[in-house]
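Okay, here's what each chain looks like letter by letter:
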Amino acid sequence: MGRGKLRIYVGAAPGVGKTYAMLSEAHRRVERGTDCVVAVVEHHGRPRTEVMLHGLEQIPRQEVHYRDTVFTEMDVRAVLVRRPEVALVDELAHTNIPGSGNAKRWQDVEELLAAGVDVVSTVNIQHLESLGDIVESITGVRQQETVPDEVVRRADQIELVDMSPQALRRRMAHGNIYMSDKVDAALSNYFRPGNLTALRELALLWVADRVDEYLKQYRSEHRVSKIWGSRERIVVGLTGGPEGRTLIRRAARLAEKGAGGEVLAVYIARSDGLTSASPKELALQRTLVEDLGGTFHHVVGDDIPAALLDFARGVNATQIILGSSRRKTWQYVFGPGVGATVARESGPDLDVHIVTHDEVAKGRGLPVARGARLGRSRVVWGWLVGVVGPVILAVLLNTVHLGLANDMLLFLTLTVAAALLGGLLPALASAAVGSLLLNYFYTPPLHHWTIADPKNIVGIAIFVAVGVSVASVVDLAARRTHQAARLRAESEILSFLAGNVLRGETGLEELLERVRETFGMESAALLERESDVAPWTCAGRAGLGRPVDRPEDADVDMPVGDHMALALTGRVLPAEDRRVLAAFAAQSAVVLDRRRLQEEADRAGTLAEGNRIRTALLAAVSHDLRTPLAGIKAAVSSLRSDDVAWSEEDRAELLEGIEDGADRLDHLVGNLLDMSRLQTGTVTPLIREIDLDEVVPMALGGVPEDSVELDVPEALPMVAVDAGLLERAAANLVENAVKYSPPGDTVLVSASAIADRVEVRVVDRGPGVPDEAKERIFEPFQRYGDAPRGAGVGLGLAVARGFTEAMGGTLTAEDTPGGGLTMVLTLRAAGSRPELQHAVTPERRTT
């Protein structure tokens, strides 16, 4: 049985009609006799969608128990047992309740497809994993439920369900999407016209890209070489000359005139690497085309017109833009040129535009090939073989006569050997000497510089021509090989430097050591000075060579700006090495600047943090600590006063005030001490295995009775924690929840086990916290909203998170369904790690 087929309805936002379209398709298939069932459909109480379920067979959902609540999910096993032809599975990105067979619904769909069941599903564009950041920037909401793009890309059919923002908002206002009590909030937040328009554009573009992929796949499978002008694709042929920028801008203007136009700039390099292109100009043109929304491509091909046309047809281009030739008039004797050839061979499917520019007919400069150093020993051996070798060979041939043809081949062999060893000049000398010796000793009349037989003249001329030709080819190949090896080494070095720039890696000393090793120097140093008259100082050094205090004392110095230089000792570098050395010098200056900026940022951050802590601490001491002290002092003064006869009730009330003030002081000072311990890193937990029901109830001692509902099952696994730190963290969380809960509402403290973790949830029904502030409330000295000054110094949650992370757990905040805030404290279950940490437990304070 083959794999099932997947069809997905994609929408820009909830309510556009994806589920309705899916159910309509199901009715059409049922009418055609297809065995179609509803595996799971979420109608969200929408009457028109719910009506569409009538007449379709529905597979009962399975019940999943989670946290003492019963949820329903798709029963994959039941669907597989039923084995229909088509199954409807709504909301592909849905996250299953823990305890289900798979974590995600799209994984359930993969099981059905693998079993040969066709699936029809739905997904909103904001749930695609790759678009999470873009959707968040548009709507301000981070989607927690996502589906990998590849899952949707692999679908056999993708259909866009579209609706204008105005129509969608009308549906919302009429109550066709959400309940009436949620309509106003939805219209003013997520369903704003701007949000819906941006999401709609995102959905249209994503589906259009998928259609383009299907078109390419179809053309490839059916070997369609003819261009289908589904949309304008403009290929710009670049030569690396300055006219390229003009061509790119012209192509961008043409692309803007057509819907969905695309610009593809291509530079075709010869396979031998011989080119007159300017790397700097090509880099500028790459940046320009990318800034204009196009793409840059580098293609290798010896036949430039054929390579350009092959590329254009491969990307299904509709137009090619080329610049008018820069060749001078006399150069056309060598051929019609690239533009004319491309226009002649493009055929009826491709339009070729020849664009004029300022460089027309100004000529194309060819690169000057610089000779490669073959080494002194190779050159010497080349001259010996080329000059002395023919003399020795002539002496040997005078004793053994092999015939003029064989003599010529032997002399030619020496010429080739001279070219391989010493290059062109020794080979030319060998050809000259060999031809003279052939003429004098072996060409009649012998021992004369004349040649009697005209055939021998032709033979010697051919020998010289072949010798010179072979020597030229061999010499050119040797030079190109040397140049290619050198350029490859330079490219590797520059790639290494570019990677370090992007990643921010490599310290200054490591970079200088790399410079020293690359160029085989004894030492490398980066020198700098503050002004032209100031002395030089060393910012970094590598190697064991003689120290250099001034660039003038070095064997090689490379200036970097006006007041910095890279100095090397060991040998004098050739001029061709200074290009790479300049890149190293610039990178050294960048690393030095980055290091200093980082040091300044660290110092500034430390000072800013210290100032913030000191300011907040002073504010806390000046008010939050003085307030209970003032209350205690007033109560004590009243009790000690002899002027007033206090009743027992009054004395009890004053004593209660003293006790409350002392408790507040104890709590505040304890939090301040705990925060200081966390910041200095002196909190060392003693991890051991304990039961939650031994610790969590002890954390409720500082809150009023009947203000907390405790739900910690005895069957929970033990946790690996520090009992004292956990008690303090839980106490701060409970105190914070009680503080913000409405009067009469209780705080729920529950615990549950998930995989190898245990979660403790502190749930309140207070005002809640917006998403952008959920992390900020864990920072020191933070109070949310209009909390009164007497509510504390804002350290409770910071201390709770610090203690939790010290034990290897996590503490996060999330919304309570129906309103409020839930603190989720996640701990490691006992046995989840092979070893437990043991240390001395510091002094703790209890709430």
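This write-up is about the structure you can find in this document. (Residues numbered from 1 in each chain as written. Predicted model: local features only at pLDDT ≥ 70, side-chain atom pairs only at ≥ 80, totals over all residues. Heavy atoms only, no water.)

What to know about the overall build of the protein
And step 1. Regarding its fold elements, the protein presents 23 helices and 24 strands.
And step 2. When burial is assessed residue by residue, the protein has 43% of its 847 residues classed as buried.
And step 3. Across the protein, contacts joining residues at least 24 apart in sequence account for 70% of those joining residues at least 6 apart. (Helix = DSSP H or I, 4+ residues; strand = E, 2+ residues; numbered from the N terminus. Buried < 20%, exposed > 50% of the residue type's maximum accessible area, 1.4 Å probe, protein only. Contact = heavy atoms within 4.5 Å.)

Some thoughts on the environment of Ile321
And step 1. With respect to the helices and strands, the residue Ile321 is situated in strand β12 (residues 319-323).
And step 2. Remark: the alpha-carbon pair of Ile321 and Ala265, spanning 56 residues in sequence, is separated by 9.4 Å.
And step 3. Every residue in contact with Ile321, bar those within four places of it in the chain, is listed here: Ile234, Val235, Val236, Gly237, Leu247, Arg250, Ala251, Leu254, His353 and Val355.

Things to note about the environment of Leu811
And step 1. Take Leu811: it is sitting in strand β23 (residues 810-815).
And step 2. Residues Leu811 and Met823 lie 12 residues apart in sequence; the distance between their C-alpha atoms is 7.0 Å.
And step 3. Beyond its immediate chain neighbours, meaning those up to four positions away, Leu811 contacts Leu733, Phe778, Leu797, Ala800, Arg801, Thr804, Met823, Val824 and Leu825.

Quick look at the side chain of Ser100
And step 1. Along the chain, Ser100 falls in the loop between β6 (86-89) and α4 (105-114).
And step 2. Side-chain polar atoms of Ser100 contact the backbone oxygen of Ile97, separated by 2.8 Å.
And step 3. Among all residues touching Ser100, those that are not within four sequence positions of it are Val64 and Glu73. (Polar contact = N/O pair within 3.5 Å; in protein donor to acceptor, adjacent residues only side chain to side chain.)

Points about the packing of aromatic side chains
The description of two aromatic rings rests on the distance between their centres and on the angle between their planes.
And step 1. Tallying each qualifying case throughout the model produces zero aromatic pairs.
And step 2. Of note, Arg801 hangs over the ring of Phe778, and the distance from its end group to the ring centre comes to 4.0 Å. (Phe/Tyr/Trp six-rings, centres within 6.5 Å; stacked < 30°, edge-to-face > 60°. Lys NZ or Arg CZ within 6 Å of the ring centre and 35° of its normal.)

With respect to the sheet that holds β23
And step 1. Read across the open sheet, the five strands follow the order β19-β21-β22-β24-β23; overall the sheet is mixed. If you trace the sheet from one side to the other, it starts and ends with β19 (708-711) and β23, each paired once. Taken over all neighbouring pairs, the strand axes of this sheet differ in orientation by 20 degrees on average, direction set aside.
And step 2. Examined bridge by bridge, strand β21 (residues 747-754) and strand β22 (residues 757-763) share seven bridges and lie antiparallel to one another. The residue of β22 that forms the bridge with Ala751 is Val760.
And step 3. Lying on the sheet, helix α22 (residues 723-740) is in contact with β19, β21, β22, β23 and β24 (821-828); it crosses β24 at an angle near 170 degrees. (Pairing = 2+ DSSP bridges. Axes fitted to C-alpha atoms, helices over the stretch in contact; angles between N-to-C directions.)

Some remarks on the sheet that holds strand β16 (residues 556-559)
And step 1. The four strands are arranged β15-β14-β17-β16 in an open sheet whose pairing can be described as antiparallel. Either end of the sheet is taken by a strand with one partner, and the two such strands are β15 (537-543) and β16. Neighbour-to-neighbour, the strand axes of this sheet turn through a mean angle of 15 degrees, independent of strand direction.
And step 2. Note that β16 and strand β17 (residues 564-569) share four bridges and pair antiparallel. Opposite Pro559, over in β17, you have Ala565 as the bridge partner.

Remarks on the pairing of β24
And step 1. For β24, the buried fraction is high: eight of the eight residues fall into the buried class.
And step 2. Here β24 shows two buried faces, one formed by Leu821, Met823, Leu825 and Leu827 and the other by Thr822, Val824, Thr826 and Arg828.
And step 3. As paired elements, β22 and β24 share seven bridges and run antiparallel to each other. When the bridges of β24 are listed, Val762 appears paired with Met823.
And step 4. Of the pairings in the sheet, the one linking β23 to β24 comprises six bridges and is antiparallel in character. Pairing of Thr812 across the sheet is with Val824, part of β24.

Quick word on the pairing of strand β9 (residues 233-238)
And step 1. The element β9 is largely enclosed, with a buried count of six among its six residues.
And step 2. Burial of β9 is two-sided: the residues Arg233, Val235 and Gly237 facing one way and the residues Ile234, Val236 and Leu238 facing the other way are all buried.
And step 3. Where β9 lies against strand β10 (residues 262-269), six bridges are found, and the strand directions are parallel. Along β10, the bridge assignment pairs Arg233 with Glu262.

Points about the nonpolar core
And step 1. Counting 61 residues, the largest nonpolar core has Leu88, Leu92, Leu112, Ile125 and Val147 as the members making the most contacts within it.
And step 2. Here Val147 is in contact with Leu92, Ala93, Trp106, Val123, His127, Leu128, Glu129 and Val152, once residues within four sequence places are set aside. (Core = buried A, V, L, I, M, F, W, Y, C linked by side-chain atoms within 4.5 Å.)

Concerning the environment of Asn102
And step 1. Summarising the element assignment, Asn102 is placed in the loop between β6 and α4.
And step 2. Its relative accessible area of 19% is what places Asn102 among the buried residues.
And step 3. The sequence separation of Asn102 and Val76 amounts to 26 residues, and the corresponding C-alpha distance is 9.6 Å.
And step 4. Excluding its chain neighbours within four sequence positions, the residues that come into contact with Asn102 are Asn96, Gln107, Asp108 and Glu111.

With respect to unusual backbone geometry
And step 1. With phi around 45 degrees, Arg83 is a residue other than glycine that occupies positive phi space.
And step 2. If you trace the backbone, Arg83 turns up in the loop between α3 (76-82) and β6.
And step 3. For Arg83, a relative accessible area of 41% puts it in the partly exposed group.
And step 4. The backbone of Glu91 shows a phi angle near 55 degrees, a positive value even though the residue is not glycine.
And step 5. For Glu91, the position within the fold is in the loop between β6 and α4.

Some details on the pattern of salt bridges
And step 1. Applying the stated criterion across every chain, the model contains 23 salt bridges.
And step 2. A salt bridge links Arg200 to Asp162, with the nearest nitrogen and oxygen atoms 2.8 Å apart. Residue Arg200 is found in helix α9 (residues 193-221), and its partner Asp162 is found in the loop between β8 (157-161) and α7 (165-173); the two are separated by 38 residues along the sequence.
And step 3. You can call Arg200 partly exposed: its relative accessible area is 26%.
And step 4. For Lys774, the salt bridge identified is with Asp771, shortest N-O distance 2.8 Å. (Salt bridge = Lys/Arg side-chain N within 4 Å of Asp/Glu carboxyl O.)

Examining helix α15 (residues 404-422)
And step 1. Across its 19 residues, α15 extends 27 Å between first and last C-alpha, which sits within 8% of the 27 Å expected from 1.5 Å per residue.
And step 2. By the burial criterion, the buried members of α15 are Asp407, Met408, Phe411, Leu412, Leu414, Thr415, Ala418, Ala419 and Gly422. In a view along the axis of α15, the buried residues occupy a sector of 155 degrees, so they form one face of it. For α15, exposure combined with an orientation more than 90 degrees from the buried face picks out Ala405 and Leu409.
And step 3. Just downstream of α15, Gly423 is the residue with a positive phi angle, here 100 degrees. (Expected span 1.5 Å × (residues − 1). Arc of directions from axis to C-beta.)

Let's talk about a nonpolar patch on the surface
And step 1. Taken together, the side chains of Val380, Trp381, Trp383, Leu384, Val387, Val388, Ile392, Leu396, Leu421, Leu425 and Leu428 define a hydrophobic patch exposed on the protein surface, amounting to about 970 Å² of accessible area.
And step 2. Elements that contribute at least two residues to the nonpolar patch include exactly α14 (376-399) and α16 (424-442).
And step 3. Sorting elements by how many residues they give to the nonpolar patch places α14 first, with eight residues.
And step 4. In this fold, Val380 is placed in helix α14.
And step 5. On the basis of relative accessibility, which here comes to 42%, the residue Val380 falls in the partly exposed class. (Patch = residues over 30% accessible without salt bridge, like charges linked within 9 Å, V, L, I, M, F, W, Y side chains within 5 Å. Areas by Shrake-Rupley, 256 points an atom, 1.4 Å probe, with all protein chains shown as cover.)

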